[in-house]
Amino acid sequence: MPAEPADAGQVVAVEGRRLVLRRLEKVLYPATADTPAVTKAEVIGYVQAVAPALLAQIANRPLTRKRWVDGVTGPTFFEKNVPRGTPDWIRTVTLDAPGSTKNREQVTYPVVEDLAGLVWLLNLAALELHVPQWSVGPRGGVRDPDRLVVDLDPGEGAGLAECAEVALAVRERLADDGLKCLPVTSGSKGIQLYARISGRQDADVVREYARRLAEGLARDRPELVVSRMTKVLRGGKVLLDWSQNNAAKTTIAPYSPRGRTRPCAAAPRTWDELADGEALRQLPLTEVAARYAADGDLLTPLHPDADPGPRVPTG
């Protein structure tokens, strides 16, 4: 596993926590034709700017991280267990590993609760923060999912305009079932839609509802929507990935940076923006921060202290 080179580092205090930050001048996103280079210090600055909103999206959720210690042009790796040297003030939760025999294999995840924890993650070049749709309680007990996610992934020949068209159709179907969804451009290729749900149905029930939704739209809009991952089926179409609701799956957290060539983030959007799908684009970190400063958090209905949503239909 790659490791940070030795560096004396810079000692900083973040909300009373002592951190040693290293290689702040390291370029994590090299310059492109339309974006300047972005350093680790600048990514940390972005996370500081959106911290309240990002923390609300990862609150009480075990974090899987994707790290780029040499920047986005270098090698990357997923990390689930907390790394060696994790500060003792980082909350952790030990859970059975997805797919493992009960009590035979476990993972100790970080559960980040404050700005200092976010800065600690970015100091490790953990650009992408992935979370499940379920959370854990104060003592580490696993709770049922409190949100549904619909991941819209364009195949070759399709793009954000097609994703936006599908998103509008999904919104209509969810509204018919009493669910209100909110759009997020992923910072990569597609769009995610989130709907607050009751938190009183297990992940299998939520996943099966999402599967029926995807299969129904694929039947009704076969020229645009597919519900199966088979690559040969996806040309010019949008995969409605219902499997993200599986208890073992994680999705990029809204407001998280993405480890792509351009320095973009998973960005909350308005439905008016999606209605003009041809103009839709992925948003860079600076623009996501500016929008948050100007407009506040568009995802407050998903916050842990928000009112619960409805149950998803069954059968």
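Residues numbered from 1 in each chain as written. Predicted model: local features only at pLDDT ≥ 70, side-chain atom pairs only at ≥ 80, totals over all residues. Heavy atoms only, no water.

An unreviewed UniProt entry annotates the chain as Non-homologous end-joining DNA ligase of Kineococcus gynurae.

(A) Expanded view of the overall build of the chain. A tally of helices and strands in the chain yields six helices and 16 strands. Over its C-alpha trace the chain gives a radius of gyration of 19 Å, about what one expects of a compact globule, namely 20 Å for 315 residues. Projecting the C-alpha coordinates of the chain onto the three principal axes gives extents of approximately 60 × 50 × 40 Å. Contacts in the chain between residues far apart in sequence, at least 24 positions, make up 68% of those at least 6 positions apart. Surface accessibility of the chain: about 14,100 Å² in total, with carbon and sulfur atoms responsible for 49%. Side-chain charges in the chain split into 41 positive and 40 negative, and the spacing between the mean points of these groups amounts to 5 Å. (Helix = DSSP H or I, 4+ residues; strand = E, 2+ residues; numbered from the N terminus. Rg over C-alpha atoms; globule rule 2.2 N^0.38 Å. Contact = heavy atoms within 4.5 Å. Areas by Shrake-Rupley, 256 points an atom, 1.4 Å probe, with all protein chains shown as cover. Lys, Arg positive; Asp, Glu negative; His and termini not counted. Charge placed at Lys NZ, Arg CZ, Asp CG, Glu CD.)

(B) Representation of the nonpolar core within the structure. Core analysis: the largest hydrophobic core is formed by 53 residues, its most contacted members being Leu-19, Tyr-46, Leu-54, Ile-58, Leu-118 and Tyr-255. For this core, the secondary-structure elements that each account for two or more residues are β1 (10-14), β2 (17-21), β3 (27-29), α1 (40-58), α2 (115-123), β9 (126-131), β11 (181-185) and α6 (285-295). Of all the elements, α1 adds the most residues to this core, at ten residues. Core analysis: the next-biggest nonpolar cluster, separate from the first, contains 32 residues, Cys-163, Leu-174, Ile-191 and Val-312 among them. (Core = buried A, V, L, I, M, F, W, Y, C linked by side-chain atoms within 4.5 Å. Buried < 20%, exposed > 50% of the residue type's maximum accessible area, 1.4 Å probe, protein only.)

(C) Spotlight on the pattern of salt bridges. Counted under the stated rule, the structure contains 20 salt bridges. Put simply, Arg-221 and Glu-223 hold a salt bridge, and the shortest N to O gap is 2.8 Å. The exposure class of Arg-221 is partly exposed, given its relative accessible area of 24%. Taking relative accessible area as the criterion, Glu-223 reaches 48% and is therefore assigned partly exposed. (Salt bridge = Lys/Arg side-chain N within 4 Å of Asp/Glu carboxyl O.)

(D) Region of the structure containing unusual backbone geometry. Not every positive phi belongs to a glycine, and Glu-15 is a case in point at roughly 50°. Note that Glu-15 resides in the loop between β1 and β2.

(E) Structural context of the pairing of strand β12 (residues 191-196). Most of β12 is tucked away, with six of its six residues classed as buried. Neither face of β12 is left uncovered, since the one carrying Ile-191, Leu-193 and Ala-195 and the one carrying Gln-192, Tyr-194 and Arg-196 both have all their residues buried. Where strand β10 (residues 147-154) meets β12, six bridges bridge the pair, whose relative direction is antiparallel. By the bridge assignment for β12, Leu-152 is matched with Ile-191. (Pairing = 2+ DSSP bridges.)

(F) How the structure looks around α6. Residues of α6 that are buried: Leu-285, Val-288, Ala-289 and Tyr-292. Considered in projection along α6, the buried side chains sweep an arc of 95° and stay on one side of the axis. Residues of α6 that are exposed and point more than 90 degrees away from the buried face comprise Thr-286, Ala-294 and Asp-295. Elements that come into contact with the buried residues of α6 comprise β3, α1 and β16 (267-268). Phi turns positive one or two residues past the end of α6, at Gly-296, with a value near 75°. (Arc of directions from axis to C-beta.)

(G) How the structure looks around the sheet that holds strand β15 (residues 251-252). What the four strands build is an open sheet, ordered β6-β5-β9-β15; its pairing is antiparallel. Edge strands, defined here as strands with exactly one partner in the open sheet, are β6 (77-79) and β15. Pairing analysis gives four bridges linking strand β5 (residues 64-67) to β9, with the strands arranged antiparallel. Residue pairing for β9: Arg-65 is matched across the bridge by Leu-129.

(H) Inspection of the sheet that holds β16 at higher detail. As summarised here, the arrangement of the six strands in space is β13-β14-β10-β12-β11-β16, forming an open sheet in which the pairing is mixed. Each edge of the sheet is formed by a strand with only one pairing partner; in this case those strands are β13 (225-226) and β16. Sheet strands touched by helix α3 (residues 160-176): β10, β11, β12, β13 and β14 (238-241). Its angle to β10, the strand with the most contacts, is close to 150°. (Axes fitted to C-alpha atoms, helices over the stretch in contact; angles between N-to-C directions.)

(I) Main features of α3. Across its 17 residues, α3 extends 24 Å between first and last C-alpha, which sits within 8% of the 24 Å expected from 1.5 Å per residue. Restricting attention to buried positions, one finds in α3 the residues Leu-160, Ala-161, Cys-163, Ala-164, Val-166, Ala-167, Ala-169, Val-170 and Leu-174. Count one or two residues on from α3 and you reach Gly-178, which has phi positive near 80°. (Expected span 1.5 Å × (residues − 1).)

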